[in-house]
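# Observations on chain architecture
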Amino acid sequence: MSPRDPAAKRPFEGNAVIVGYGQTTYHKRPEWSTLQYCIEAVRLALDSCGLSNDDVDGLGVCSFMLPPDNTATLAEHLGMTLTWGYLGTFGGAAQVIGLQRAVRAIEAGDAETVVLVAADAYSVSAHVSLMDDFNSGMREYLIPYGMGGANGLFAMLEQRHRYEYGTTREQLGKLAVTQRRNAGLNPNALLREPMTIEDYLNARVICDPIRLYDCVLPCGGGEAIVVTNVERARTLNRPAIRVLAGGERTNYGPDKLVLLDAGWREFAPTMFEQAGLSRSDIDMVELYDDYPIMELIQLEGLGFCDRGQGGAFVEETDISLTGTLPINTGGGQLSCGQSGAGGGAIGLTEAVMQLQGEAGERQVPNARTALVSGFGMVGYVKGLCQSAVILATE
Amino acid sequence: MVSLIKKEDTSITEEATHPVLEHAGSGIPTPTLFEWNRPFFEGGLQGKLRLQRCARCKQLIYYPRMLCPRCFSPDYEWEQLSGRGTVYSFAIVWRPNHPAFTDQIPVLLAVVELSEGPQMVSTLLGCAPEQVSIGMEVSVVFDTIAPDVALPKFVPQT
């Protein structure tokens, strides 16, 4: 059941660029409704590039908890008349997929200026009740077993990765500890206090082998970016961030339950070729970090290292802000918090902030390129959706 | 709690190829039954592990589907399996998602690779967390959680 030749995908034309971003304050206990987080993130994003609601003709929304509201009713709240809309249902892969849809829509002339927002009023209890009825595969065949939510599934993934490749807790911990150090320089991160590798290794067991600092903290929050065409971007006096290439897969490897190998492997070669870059040209990587083990699987699938070598790669590579490959420069979901579907957008917001040179104390020096990866929608056992884009300054 | 004692009802266990267990707990979330998954859950009541086998491409299907996910055929037969397999991976769940399981911790969650090929997620009974390992050989037992639903679970092969 393999798709047609992945290289048959037509490249982006280079006419759509990102000009603005918005990120709300994160609340450990949500203080607003999901609708409010969406509206605030959109307002901040448009403010950042001097645009207003009537400049927007495309709107994309990714959220678990927005229903009964949706793209159309959010447009009504925001006073936007749309010629294009998107409702992302790919979980934490949805914002990165939405960006690619927006690029195509702008290239086709279906829209000129698009806002993509991802937000949720997410809390521990909201997460638990969402998981109990997340989708039919999970509800019928996993929930009756007391499977421990996503923790149980990703613990089994880590266990198998360790068994096959010898991946260690110390290797995974380097990601969590490095990201926490980055978060210390991010005023918006919820978890900013320093963490040592011992803290990570000795944390409370949640779902063996997963411990407390492998898990994200649910929170309320929202992320948004503004995408427009290059002509419009020139009028805005803002750094325009190019979207060089991207890819997405849904339900890759349908027979596998434990996702040691995912869709990134299949689309990454074409994505890098169309971007005209090699792995060593990437200045930072923003990975989807619902758990550190998923970061290793993304690094492997995206071709930064060989299959199974993610742990060794992280161990041997300087992944700090001044290193050869900075990873999750704002702290990622592991340290900022996971605002539901907003968690899948945090890497995109961070990359745009970095490439526009506005990341403050955590600015990666001379940042010209970034790879952002998305992952989500756990169905029966595995995350069904993988996505990634490569961004660059002009 | 699940007790590892067979039901006294011999009208069921006489035909059973694998143990069918009483489930004394309550409030376990139960699956929604459809035409294409009812024989799977009801098979468990008779101690039989049954999966769909596609009539066209002959693939065994798990989880149960309305159409074969490989060849899209709507035609399938229910096939009884050996009920044996090995642990492909596992996790020791100390924080179950749903409150109905808090008196069962730790839940030993596992991906079991059935001898016939398909993998399924289930839980392990009758062994301690430190006894579980990848590759461990297991066989099926059934946990009756509702009048029309018995879930396949696994115990170490003796």
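Quick look at the structure, then. (Residues numbered from 1 in each chain as written. Chains lettered and ligands numbered in written order. Predicted model: local features only at pLDDT ≥ 70, side-chain atom pairs only at ≥ 80, totals over all residues.)

### Remarks on the overall build of chain B
In terms of helices and strands, chain B carries two helices and ten strands. In chain B, the succession of α and β elements from N to C terminus is β-α-β-α-β-β-β-β-β-β-β-β. Sorting the 158 residues of chain B into buried and exposed places 37% on the buried side. Residue pairs at least 24 apart in sequence account for 54% of intrachain contacts in chain B once pairs closer than 6 positions are excluded. (Helix = DSSP H or I, 4+ residues; strand = E, 2+ residues; numbered from the N terminus. Buried ≥ 20, exposed ≤ 12 C-beta atoms within 10 Å, placed from the backbone. Contact = placed C-beta atoms within 7 Å.)

### Digging into the overall build of chain A
Along its length, chain A carries 14 helices and eleven strands. Its C-alpha radius of gyration of 19 Å places chain A within 12% of the 21 Å reference for a compact globule of 394 residues. Along the first, second and third principal axes, the C-alpha set of chain A runs to 55 × 45 × 45 Å. Per-residue burial over chain A gives 61% buried out of 394 residues. In chain A, 78% of the contacts between residues at least 6 apart in sequence involve partners at least 24 apart. (Rg over C-alpha atoms; globule rule 2.2 N^0.38 Å.)

### As for helix α2 (residues 71-78) of chain A
Residue and element names in this part refer to chain A. Along α2, the residues classified as buried are Thr71, Leu74 and Ala75. Down the axis, α2 shows its buried residues gathered within 105° of arc, on one side only. The outward face of α2, more than 90 degrees from its buried face, is lined by the exposed residues Ala72 and Glu76. Against the buried residues of α2 lie α1 (34-48), β2 (58-62) and β3 (84-88). Gly79 sits one or two positions beyond α2 and adopts a positive phi of about 70°. (Arc of directions from axis to C-beta.)

### Some words on the sheet that holds strand β10 (residues 369-378) of chain A
If you trace the nine strands from one edge of the open sheet to the other, you get β3-β2-β4-β7-β1-β8-β11-β10-β9 (chain A), paired in mixed fashion. The open sheet terminates on both sides in strands that have one partner only, identified here as β3 and β9 (285-286) of chain A. (Pairing = 2+ DSSP bridges.)

### Things to note about the packing of α1 of chain A against α2 of chain A
All names here are of chain A. Look at α1 against α2: their axes get within 11 Å of each other, and the N-to-C directions meet at 60°. Classified by the interaxial angle, the pair formed by α1 and α2 is oblique. Like other packed secondary-structure pairs, α1 and α2 cross with a definite hand, here right-handed. Taking contact as the criterion, the partners of Leu35, Cys38, Ile39 and Val42 in α1 are, on α2, Leu74, His77 and Leu78. (Axes fitted to C-alpha atoms, helices over the stretch in contact; angles between N-to-C directions. Parallel < 35°, antiparallel > 145°, perpendicular 65-115°, else oblique. Left-handed = near helix turned anticlockwise from the far one by under 90°.)

### Here's the deal with the nonpolar core
In terms of nonpolar packing, the biggest core is built from 181 residues, with Val115, Val227 and Leu391 of chain A together with Leu109 of chain B touching the most fellow members. At eight residues, the largest contribution of residues to this core is made by helix α3 (residues 94-108) of chain A. Excluding residues that lie within four positions of it along the chain, Val227 of chain A makes contacts with Ala16, Ile18, Leu99, Ala102, Val103, Ile106, Val114 and Leu116 of chain A. (Core = buried A, V, L, I, M, F, W, Y, C linked by C-beta atoms within 7 Å.)

### Quick notes on unusual backbone geometry
Of note, the amide linkage connecting Pro67 of chain A to Pro68 of chain A takes the cis form, showing an omega dihedral of 10°. Along the chain, Pro68 of chain A falls in the loop between β2 and α2. Look at the link from Ile105 of chain B to Pro106 of chain B: it is a cis peptide, with omega at -5°. Here Pro106 of chain B lies in the loop between β6 (84-93) and β7 (107-114). Phi at Val381 of chain A is positive, roughly 80°, even though this residue is not glycine. Along the chain, the position of Val381 of chain A falls in the loop between β10 and β11 (383-393).

### Here we look at helix α2 (residues 38-45) of chain B
Taken together, the buried positions of α2 of chain B are Phe40, Phe41 and Gly44 of chain B. Buried residues along α2 of chain B cover an arc of 90° about the axis, so they all sit on one side.

### Topic: the interface of chain B and chain A
Across the contact, 32 residues belong to chain B and 31 residues belong to chain A. At the level of elements, β6, β7 and β8 (119-124) of chain B are the ones that each hand at least two residues to the side of chain B that touches chain A. When residues of the side of chain B that touches chain A are assigned to their parent elements, the largest contribution, six residues, is made by β6 of chain B. Among the residues forming the side of chain B that touches chain A, the class breakdown is 20 nonpolar, ten polar and two charged. (Nonpolar A, V, L, I, M, F, W, Y, C, P; charged D, E, K, R; others polar.)

### Structural notes on the packing of helix α7 (residues 169-183) of chain A against helix α11 (residues 292-301) of chain A
All names here are of chain A. Between α7 and α11, the least distance of the axes is 9 Å, while the angle of their chain directions is 100°. Regarding the angle of α7 to α11, the classification is roughly perpendicular. Side by side, α7 and α11 meet where Leu172, Leu175 and Ala176 of the first sit next to Pro292, Ile293 and Glu295 of the second. A breakdown of the residues in the contact of α7 with α11 according to their chemical character gives five nonpolar, no polar and one charged.

### So, the sheet that holds strand β4 (residues 60-61) of chain B
Residues and elements named next belong to chain B. The strand order across the open sheet built from three strands is β4-β3-β5, with neighbouring strands paired in antiparallel fashion. Single-partner strands in this sheet number two, and they are β4 and β5 (76-80). Relative to β4, strand β3 (residues 50-54) is paired through two bridges, and the arrangement is antiparallel. Bridged to Gln52 within β4 is Ile61.

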